[in-house]
Amino acid sequence: MRLKAALPKLELYLYAAVLYLSLLWAGTWIWDASADNVNRKVFKKSVKPGWHYFGRKMDVADFEWVMWFTTFRNHILFALAGHVIFAKVCSLISPRHRSLIYGLYGGLAVLVSMGGGFLALVLSHCFILYSVALVKRKWIVFVAGLASLATFKMEPFNTWQQGFVTGYFDLQDILFYGGSCFTIMRCMSFALENCEKKDGNYTFTDLLKYNFYLPFFYFGPIQTFDQFHVQANNPNLTRKQREMWNITTGALLHLGAIFVVDVFFHYLYILTIPNDMKLVKQLSDWSLAGLAYSNLVYDWVKAAVMFGVINTVARLDHLDPPQPPKCITMLYVFAETHFDRGINDWLCKYVYDYIGGSHKQIFKELVATICTFVVTTLWLGPCELVYIWSFFNCFGLNLELWVDKIFSLPPFSNIEYAIGEAMSRRIRAVFGALNFWTIILYNVLALNSLEFAKLVGKRLIVQGFPLSTLSVLFVTYCGVQLVKERERKQAFLDDPEPAAVPQDMPEEVGKMKAE
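These figures come from a predicted structure and were not determined experimentally. Note that residues are indexed from 1 along each chain, following the sequence as it is written. Side-chain atom pairs in this predicted model are given and counted only at pLDDT of 80 or more, local residue features only at pLDDT of at least 70, and totals for whole chains, interfaces and linings cover all residues. The basis for every side-chain value is the complete set of non-hydrogen atoms in the structure, without hydrogens or water.

1. Structural notes on the overall build of the chain
For clarity, the cut-off: Where helices and strands are cited, they refer to DSSP runs of H or I of at least four residues and of E of at least two residues respectively, numbered from the N terminus. The reference for a compact globule is 2.2 Å times residues^0.38; the radius of gyration itself is calculated from the C-alpha atoms. Only protein chains enter the accessibility calculation, which uses a 1.4 Å probe; a residue is then buried when its area is under 20% of its type maximum, exposed when over 50%, and partly exposed in between. Contacts were defined at the residue level, with two residues in contact if any of their heavy atoms lie within 4.5 Å. Reported accessibility uses the Shrake-Rupley method at a 1.4 Å probe radius. Residues are deemed covered only where the shown protein chains occlude them. Lys and Arg are tallied as positive, Asp and Glu as negative. Neither His nor the chain termini are counted. For the purpose of locating charges, the reference atoms are NZ of Lys, CZ of Arg, CG of Asp and CD of Glu.
Across its full length, the chain carries 21 helices and two strands. Its C-alpha radius of gyration of 25 Å places the chain within 12% of the 24 Å reference for a compact globule of 515 residues. Taken along the three principal axes of its C-alpha coordinates, the chain extends 65 × 65 × 50 Å. Classification of the 515 residues of the chain by burial places 50% in the buried group. Counting only contacts in the chain whose residues sit at least 6 apart along the sequence, the fraction spanning at least 24 positions is 76%. Accessible area of the chain: about 25700 Å², with a carbon and sulfur share of 67%. On the chain, the mean spot of the 47 positive side-chain charges and the mean spot of the 41 negative ones are 3 Å from each other.

2. Description of the UniProt feature "transmembrane region" (unreviewed entry) in the chain
Short version of the rule: UniProt positions are given in the numbering used here, feature names are shortened, and annotations may be inferred rather than shown by experiment.
Those residues carrying the UniProt feature "transmembrane region" (unreviewed entry) are residues 12-31, 75-93, 100-133, 251-270, 290-310, 429-448 and 460-480 in this numbering. Taken end to end, residues 100-133 is 97% helix and 0% strand, and its two terminal C-alpha atoms sit 21 Å from one another.

3. Let's talk about a positive patch on the surface
Note the threshold: Patch criteria: residues need more than 30% relative accessible area and no salt bridge. Like-charged residues are merged within 9 Å; nonpolar side chains of Val, Leu, Ile, Met, Phe, Trp and Tyr are merged within 5 Å. One speaks of a salt bridge when a side-chain nitrogen belonging to Lys or Arg is within 4 Å of a carboxyl oxygen belonging to Asp or Glu.
Together, Lys41, Lys44, Lys45, Lys48 and Lys57 give the surface a local cluster of positive charge. On the basis of relative accessible area, lysine 44 is assigned to the exposed category, the value being 54%.

4. Overview of the pattern of salt bridges
For the structure on display, the rule yields 15 salt bridges. Note that lysine 349 and glutamate 193 form a salt bridge whose closest N and O atoms lie 2.8 Å from each other. Here lysine 349 is found in helix H15 (residues 341-356), whereas its partner glutamate 193 is found in helix H8 (residues 172-196), with 156 residues between them in sequence. Between glutamate 485 and arginine 488 there is a salt bridge; the shortest N-O distance is 2.6 Å.

5. What to know about the packing of H8 against helix H9 (residues 204-211)
Defined as follows: Whenever a helix is involved, its axis is fitted only over the stretch in contact; in every case the axis is a line through C-alpha atoms, and angles between N-to-C directions fall within 0 to 180 degrees. Note that the term roughly parallel is reserved for angles under 35 degrees, roughly antiparallel for angles over 145, roughly perpendicular for angles of 65 to 115, and oblique for everything else. Should the near helix be turned counterclockwise from the far one by less than a right angle, the crossing is left-handed, whereas a clockwise turn marks it as right-handed. Only Asp, Glu, Lys and Arg are considered charged in this grouping, and only Ala, Val, Leu, Ile, Met, Phe, Trp, Tyr, Cys and Pro are considered nonpolar; every other residue, Gly among them, is considered polar.
Between H8 and H9, the least distance of the axes is 10 Å, while the angle of their chain directions is 140°. Overall, the two elements H8 and H9 adopt an arrangement that is oblique. The way H8 lies across H9 gives a crossing that is right-handed. Contacts between H8 and H9 involve Thr183, Arg186, Cys187, Ser189 and Phe190 from the first element and Asp206, Leu207, Tyr210 and Asn211 from the second. Considered class by class, the residues forming the contact of H8 with H9 number four nonpolar, three polar and two charged.

6. So, unusual backbone geometry
For the peptide bond that leads from glycine 220 to proline 221, omega is 0°, which places it in the cis range. Tracing the backbone through its elements, the reader meets proline 221 in the loop between helix H10 (214-217) and helix H11 (225-232). Backbone torsion omega between proline 410 and proline 411 reads 5°, so that peptide bond is classified as cis. Position of proline 411 relative to the elements: it lies in the loop between helix H17 (384-407) and helix H18 (412-419). Even without a glycine there, the phi angle at lysine 136 is positive, about 60°. Of note, lysine 136 is situated in the loop between helix H5 (116-133) and helix H6 (138-150). Given the relative accessible area of 22%, lysine 136 is considered partly exposed.

See below:
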């Protein structure tokens, strides 16, 4: 495979030096922009006093991060700690019924936090979709499930359902939308798995135990019903060797990441700067590129930490939850781009893989990706920005397939074989660098604004050509090569003795993909 093509060590050292020095340079520009403009009017809205011993203000533009690790940190920790203690005691007393006890504790926590009206609303949606699951027709499940999800995304149904929650507090909207929308996705997973069940049906109690597992209820991630049902009802609670060590190490890494992010927020105002377009237009091309890249890196870190905290609790309950998303720095293909692996796994299993099959037929792949992004658009909430994001990511995913298909056919496959594995890897890294920045631009508009994404694209592609464009792409090329080297080493660890490839390679071998 081309993935196992090695490059000279000196060349890799050069790539690493260029990448790290460039990131340091861009970071210095952002640092200066943060320090020199801290008193701007736009900054006063989202740059607040931070840790006093740093002597600097802190970027608090991301409400979700502030909510989790500052404002409502104690409330969230109290709820999760209560679950851990309660779950541990109940697991010791009655391991066979621990999933039921998890569900009862979760239902009680929802009742206390959001009130009986919201609990009744969630139960009504569960009952409706459970009734649909008994029909055992997947298309009916999708129609009913997506219609239920739409009621939380569109007026006047959304406002009417919000009326079931009495009173008001700061977290109400987040808990309402998180709990209700994740409930619909879990109910759809339950119903679709029930369609696959050949003998009888799962019970309504099974659905409630699955849906009201507290660590996943409000914030995710989504674990598909088939996995949760097997793991939560497994009476064997013995742990693998060093499992507790790995859980403890992961928890400490998450704490370290939280500390590092908080420190960075005191010096790099990467979330506030994009909101001040007058300042953004004054930044250099390198600063803009670094700002766009750092926003996606931060969003990945946030997802990894938040889901990591929840996953730590789930692993203590002997579950195997969805893994954190793949680091944005290592993404140079659209097929692996996601920030929520739980939703990604859900979409792949029930939509993308179900429709696309082997993903070798271009038309079926097109239909599969369109359907996937239609569901994703509804999940994120239909609006102009989401429509644009979905269109470009859907287009990018299909374009990857088309290009891969074209270059897997003669004469391109023969040319690739003739130039050798190392040169093939270099050429593929060039395309990977272009793809990387396409992914950055397509996703930064969803994280910041369409205006900011357009400015970054204009400066890097049009106004900055050729110097800024080519230099940024070269640095990205260096990064892609380092990622490919890591993948090459991992491939050898996974398959230390790959099968030998004949010298006279038939054309079919040329169809092997690089990844």
